[in-house]
Amino acid sequence: MTEDAVVDVPETDLLTIGAFAARARLSPKALRLYDRLGLLAPAHVDEATGYRYYRAGQVERARLVAMLRQLDMPLTRIAEVVEAGDGPRAAALLGAYWADVEARVAGQRTLAAYLRGRLSGRSSEMHRTFAIETVEVPAQVVLTEKRHTLADELPAWIGAALGRLTEAARECGGVAGVPYVAYHAEVSMESDGPAEACVPVADEAAARAYALRRGRAWETAVRVEPARRLAFTRITKAQVAHPQILAAFEAVEEWMAAEGLTATGPCRELYFADWAAAGPEDPVCDVAFPVG
């Protein structure tokens, strides 16, 4: 039997793997891999010979799988896209994946820039790319959660903790300022802080009642923050990732030293934007130090 033969089986005319591979512009090896991965099964497998046969109508699916693999899409997500078929759902799944890719690449780009500055000894030059400003912040009542956490666990915890505190603020007169995370000691891959998530609220009495009622589960507390002057720089979503965010902290510290200012409290990240809606290059966070 030739590799490009058309074979008659009870259901319909089917193509051998060689003939189908030629039509799909793929190799038989790739088709065997797709079968093994559960992405494209043959229409028929001869029990006696083990030969695989495909329908001509499977060509478009084979080409789609090949193109999605060129995007380095994980197998589980490829399966979701091809099972969705043609239409808005498949397009939406691809769009969501590509948005994730662009966010990752943006983060890698800022990390590469950070590392180039470090390795080339141009840290001061890199720090000058950050614009440093100061702002006066009035006294605030803050509802807080504190946790010891390493850098790789930090993003998930920040999102969850600020989400809980923002929800709790509804019972405490509403959110009365920009939510932030304060660092009482270094958070890195070796050091676990602690970090403290903070949401300013309008009603101190209600906040204390909430913390008394619900605080034990999440180490929730309430305190009154005095009025402060903050030195800060604004960064994008891509720049928030560790360790490249350290460049922003270092830039503010360098500016403070040049201005003769000292830190009067823990450094912090103020999250003023809708994180989920922001793109990689959108400003989302102020990196700040209380100064005096």
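Refer to the structure presented above.
Residues numbered from 1 in each chain as written. Predicted model: local features only at pLDDT ≥ 70, side-chain atom pairs only at ≥ 80, totals over all residues. Heavy atoms only, no water.

Draft legend 1. Geometry of the sheet that holds strand 9 (residues 220–225). Taken together, eight strands build an open sheet; the order of strands is 5-10-12-11-7-8-6-9 and the sheet is antiparallel. On the outer flanks of this sheet lie strand 5 (132–137) and strand 9, each paired with one strand and no other. Looking at each pair of strands side by side, their axes are set apart by 30° on average, direction ignored. Each of strand 6 (140–147), strand 7 (180–183), strand 8 (195–201), strand 9 and strand 11 (267–271) is contacted by helix 7 (residues 154–169), which is oriented at about 25° to strand 8, the strand it contacts most. Where helix 9 (residues 245–259) meets the sheet, it contacts strand 5, strand 7, strand 10 (228–236), strand 11 and strand 12 (283–291), and its direction lies at approximately 35° from that of strand 12. (Pairing = 2+ DSSP bridges. Helix = DSSP H or I, 4+ residues; strand = E, 2+ residues; numbered from the N terminus. Axes fitted to C-alpha atoms, helices over the stretch in contact; angles between N-to-C directions. Contact = heavy atoms within 4.5 Å.)

Draft legend 2. Local environment of the nonpolar core. By size, the foremost hydrophobic cluster in this structure holds 45 residues, and its most contacted members are Leu143, Trp157, Ile158, Val181, Tyr183, Val201 and Ile235. A total of eight residues in this core trace back to one element, the largest contributor, which is helix 7. Aside from chain neighbours lying at most four places away, what touches Ile158 is Val181, Tyr183, Glu269 and Tyr271. With 26 residues, the next largest nonpolar core counts Ala19, Leu26, Leu68 and Ala90 among its residues. (Core = buried A, V, L, I, M, F, W, Y, C linked by side-chain atoms within 4.5 Å. Buried < 20%, exposed > 50% of the residue type's maximum accessible area, 1.4 Å probe, protein only.)

Draft legend 3. Focus on helix 5 (residues 88–119). Its 32 residues place the ends of helix 5 46 Å apart at the C-alpha level, agreeing with the 46 Å of an ideal helix rising 1.5 Å per residue. Of all the residues in helix 5, the buried ones are Ala90, Leu93, Tyr97, Val101, Ala106, Gly107, Thr110, Tyr114 and Gly117. (Expected span 1.5 Å × (residues − 1).)

Limitation: the analysis is restricted to geometry and does not speak to function.
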